[in-house]
Amino acid sequence: MIEALVAAAGAIVVVLAASWIGRRLAALVRQPAVMGEIAVGLLLGPGLLQACGPQVRELLLPRSTLEALHVIGVAGLALYLVGVAHRLGPGLVAYGRKSLLALTICAVSVPMAIGGGVGFWLLVTDDARLRGDAPAAALVLMFAVSFTVSAVPVLARIIDDRGIAGTRAARLAMASAIIVDAIGWLLLAVAVGLAGAGLSGSVRAAVILVVAVAMVPLVRRLLSRPGVTRLCGRSPTTCRMAVAVVAIVASWAADNLGLTAVFGAVLIAVSLPPDEDWQRVAGAVSSAGRWLLPIFFATAGITVWSAADTTFPVMFAVVVTVLAVLGKTAGVLLGARLGGETGPVRQRLAVLLNTRGLTEIVLVQAGYSAGIITAPVYLVFVVLALVSTAMTGPLLSLLDKRRPLVPQDLATAGGAR
């Protein structure tokens, strides 16, 4: 028992040290810190296998230690999402219905149709290495969702770092991304249900989700009572620990009920009142999870690269990346044009909403864990997440030089179209 704890502690130190290096390297090339953490996490797996071989790796990182790290990593992810979802939940600013509705509909429908088509093509080709044995409906839906999502956490970080939070493009992109990702997580629940117990599994997952969502306003009202609010202000540490424990338990429960661990954390986040005391609690919980998040990336990378016959399909990765980027770009440009946005705003929206980062990684990890996609396909979507996110900064800089914003594009939500 003591040896297992020492091994796990040593592995955590190594992962966190490697992640620190990854963040530093990402900063040097002006990329979000999470990009370095993801890259380092995925490289740990093949690095250990190449340098040590499977037997030595098993000795240095036995299955029991890897399982413990996985539990810690998922807990860190749950805690991190509490702050992200709580901070961005009320961020759906009051844009005119025409702009936001047209943008969101097209940003969902166009890439989803292309992604579903790629999934269907994979069924027709019947490449066992890529196809796996998941139900056809689950696989097609998983591809459709994976082509659609944007990374709200990374997008928020990029917007803050570039100082463009007050521009119309940034705020409209954030509002649309929140809605798009909410749709994506709901469809992921359906896909996981289809993969687990067929139609009955998806119906059960949908019923559980509806009941849980219906409980959110009741819980928020309870937590908004003056006595509870005063307790939160007087004993913030107690509240932080309580929220952290409940978030981890809710994530575990959601995972075991046919949804994914992400749903539990997000539901707890949106149940917290939006006042200042609860914002501080959610922020502190998220900060704690942020330190543990690299462990999630590392265990994901090691697990995938340790799977049997894991090879990287280069051409398939190129096709998926190109189609996903073009599909999201076409959908966003079409929706923004229908919404009456100017050319510079449309172009920035297309760049910002192509940022997939953390959300794509978490989503496809859930699909891989549920047996919907294979290890090679998981790696393909990770490449898509990294490439599409790495493009964001340089493309925005290029647009700033060639297509600068005009005064009306700097306005916030007030001038709704």
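All residue numbers refer to position in the chain's written sequence, counted from 1. It should be noted that, the model being predicted, local features are given only for residues of pLDDT at least 70 and side-chain atom pairs only at 80 or more, the latter also being counted only at that level, while totals for whole chains, interfaces and linings use all residues. Hydrogen atoms and water are omitted, and side-chain values are computed over all heavy atoms in the structure.

Enquirer: A description of the nonpolar core should follow, citing residues and the corresponding values.
Expert: The nonpolar core is taken to be a set of buried Ala, Val, Leu, Ile, Met, Phe, Trp, Tyr and Cys residues, with the residues joined through side-chain atoms within 4.5 Å. Burial here depends on accessible area, computed with a 1.4 Å probe over protein chains only, as a share of the maximum for the residue type. Under 20% is buried, over 50% is exposed, and the range in between is partly exposed. Formed by 109 residues in total, the largest nonpolar core has its most connected members in V82, F143, F316, I373 and Y378. Here a helix means four or more residues in a row that DSSP labels H or I, a strand means two or more in a row labelled E, and each is numbered from the N terminus. Per-element tally for this core: the top contributor is helix 8 (residues 168-223), with 17 residues. Residue contacts follow a heavy-atom distance rule, with two residues in contact if any of their heavy atoms lie within 4.5 Å. The contact partners of V82, leaving out residues within four places of it in the chain, are V243, A247, A265, A269, L272, A282 and V285. In this structure, V15, L69, I295 and A298 belong to the second largest nonpolar core, which totals six residues.

Enquirer: Report on the pattern of salt bridges, specifying residues and quantitative values.
Expert: Definition used for salt bridges: Asp or Glu carboxyl oxygen within 4 Å of a side-chain nitrogen of Lys or Arg. Applying the stated criterion across every chain yields a total of four salt bridges. Notably, a salt bridge pairs E276 with R280, separated by 2.9 Å at the nearest N-O pair. Linking E276 with R280, this pair stays in helix 12 (residues 276-306), spanning four residues, or about one helical turn. Residue classification places R280 among the partly exposed residues on the basis of a relative accessible area of 43%. A salt bridge links D277 to R280, with the nearest nitrogen and oxygen atoms 2.5 Å apart. Of this pair, D277 and R280 both sit in helix 12, three residues apart, roughly one helical turn. In this structure D277 comes out as partly exposed when scored by relative accessible area, which is 21%. Counted as one network, the salt bridges with shared partners bring together E276, D277 and R280.

Enquirer: Which residues make up the packing of helix 14 (residues 343-352) against helix 17 (residues 392-402), and what values do they have?
Expert: Every angle, taken between N-to-C directions, lies between 0 and 180 degrees, and every axis is a line fitted to C-alpha atoms, over only the stretch in contact when it is a helix. Contact geometry of helix 14 with helix 17 gives a least axis separation of 9 Å together with a crossing angle of 170°. On the basis of their axis angle, the class for helix 14 and helix 17 is roughly antiparallel. Where helix 14 abuts helix 17, its residues Q347, R348, V351 and L352 lie against T392, L395, L396, L399 and D400. Nonpolar residues are Ala, Val, Leu, Ile, Met, Phe, Trp, Tyr, Cys and Pro. Charged residues are Asp, Glu, Lys and Arg, and all others, Gly as well, are polar. Tallied by class, the residues present in the contact of helix 14 with helix 17 amount to five nonpolar, two polar and two charged. Roughly parallel refers to an angle under 35 degrees, roughly antiparallel to one over 145, roughly perpendicular to one between 65 and 115, and oblique to any angle outside these ranges.

Enquirer: So, a nonpolar patch on the surface: which residues are in play, and what are the values?
Expert: Together, W20, I21, L25, L28 and V29 make up an exposed nonpolar region whose accessible area comes to about 550 Å². Counting through the fold element by element, L28 comes out in helix 1 (residues 2-28). We classify L28 as exposed; its relative accessible area is 69%. Patch construction takes residues with relative accessible area above 30% that form no salt bridge. Like charges are linked within 9 Å, and nonpolar side chains (Val, Leu, Ile, Met, Phe, Trp, Tyr) are linked within 5 Å. Here the accessible surface of atoms and residues is derived via Shrake-Rupley with a 1.4 Å probe, and residues count as covered only by protein chains that are part of the display.

Enquirer: Explain the confidence of the model for the protein chain residue by residue, including any values.
Expert: pLDDT expresses, on a scale from 0 to 100, how confident the predictor is about each individual residue. Per-residue confidence for the protein chain gives a mean pLDDT of 80; residues scoring 70 or more make up 82%. Across the protein chain, the secondary-structure element scoring lowest on mean pLDDT is helix 2 (residues 33-60), at 66, and the one scoring highest is helix 13 (residues 314-338), at 95. Below a pLDDT of 50 lies the segment residues 91-95, which in the model reaches 13 contacts outside its immediate sequence neighbourhood of four places, other chains included. Low confidence marks residues 412-417, where pLDDT is under 50. Its contacts with residues over four positions away, or in another chain, come to 20 contacts.

Enquirer: Explain the packing of helix 15 (residues 357-369) against helix 16 (residues 375-390) to me, using residue names and the numbers behind them.
Expert: The geometry of helix 15 relative to helix 16 is characterised by a closest axis approach of 9 Å and an angle of 175° between their N-to-C directions. When the axes of helix 15 and helix 16 are compared, the pair comes out roughly antiparallel. Contacts between helix 15 and helix 16 involve G357, E360, I361, V364, Q365 and Y368 from the former and A375, Y378, F381, V382, L384, A385 and T389 from the latter. Taken together, the residues that form the contact of helix 15 with helix 16 break down as nine nonpolar, three polar and one charged.

Enquirer: For the environment of V249, give the residues involved together with the corresponding values.
Expert: Within the fold, V249 resides in helix 10 (residues 236-256). Put simply, V249 and A78 are 171 residues apart on the chain and 9.5 Å apart in space, counted from C-alpha to C-alpha.

Enquirer: Give me the packing of aromatic side chains: which residues, what numbers.
Expert: When the centres of two rings from Phe, Tyr and Trp lie within 6.5 Å, Trp using its six-membered ring, the rings pair. Their planes under 30 degrees apart give stacked, over 60 give edge-to-face, and anything left gives tilted. Enumeration according to the criterion identifies five aromatic pairs in this entry. Here the aromatic rings of F147 and F381 are separated by 6.4 Å at their centres, their planes lie at 80°, and the arrangement is edge-to-face. Highlighted residues: F147 in the loop between helix 6 (136-146) and helix 7 (152-162) and F381 in helix 16, separated in sequence by 234 residues. Like F147, the residue F381 is buried in the burial classification.

Enquirer: So what's going on with the environment of V322? Residues and values would help.
Expert: Here V322 lies in helix 13. Along the chain, V322 and S388 lie 66 residues apart, while their C-alpha atoms are 9.5 Å from each other.

Enquirer: Could you give an account of the side chain of S19, naming the residues involved and the relevant values?
Expert: Among the structural elements, S19 can be located in helix 1. Contact partners of S19, with chain neighbours within four places excluded, come to E37, V40 and P294.

Enquirer: Which residues make up the environment of V228, and what values do they have?
Expert: Relative to the helices and strands, V228 is located in helix 9 (residues 226-234). V228 gets classed as partly exposed once you look at its relative accessible area, which sits at 27%. As for V228 and C239, which are separated by eleven residues in sequence, their C-alpha atoms are 9.9 Å apart. Not counting chain neighbours up to four residues away, the residues in contact with V228 comprise L222, L223 and W278.

Enquirer: With reference to specific residues and values, describe helix 15.
Expert: The span one expects for a helix is its residue count, reduced by one, times 1.5 Å. Taking 1.5 Å as the rise per residue, helix 15 with 13 residues should run 18 Å; its terminal C-alpha atoms sit 19 Å apart, in good agreement. Among the 13 residues in helix 15, twelve count as buried, and that is most of the element. Residues of helix 15 that are buried include every one of G357, L358, T359, E360, I361, V362, L363, V364, Q365, A366, G367 and Y368, and no others. Looking at the residues trailing helix 15, positive phi occurs at G371, about 80°.

Enquirer: Any chance you could break down the state of the cysteines for me, citing the residues and the numbers?
Expert: We call a pair of cysteine sulfur atoms a disulfide when they lie within 2.5 Å. Scanning the model with the defined rule gives zero disulfides in all. Cysteine C239 remains unbridged, with the sulfur of C232 as its closest cysteine sulfur at 4.1 Å.

Enquirer: I'd like to hear about the side chain of S251, residue by residue, with values.
Expert: Following the sequence through the fold, S251 ends up in helix 10. Looking at S251, the relative accessible area reads 3%, which means it is buried. The definition of a polar contact used here is a pair of N or O atoms within 3.5 Å, where within protein one atom must be able to donate a hydrogen and the other to accept one, and adjacent residues in sequence count solely through side-chain atom pairs. One polar contact links the side chain of S251 to the main-chain amide nitrogen of A265, over a distance of 3.4 Å. Excluding residues within four positions of it along the chain, S251 makes contact with A78, A261, G264 and A265.

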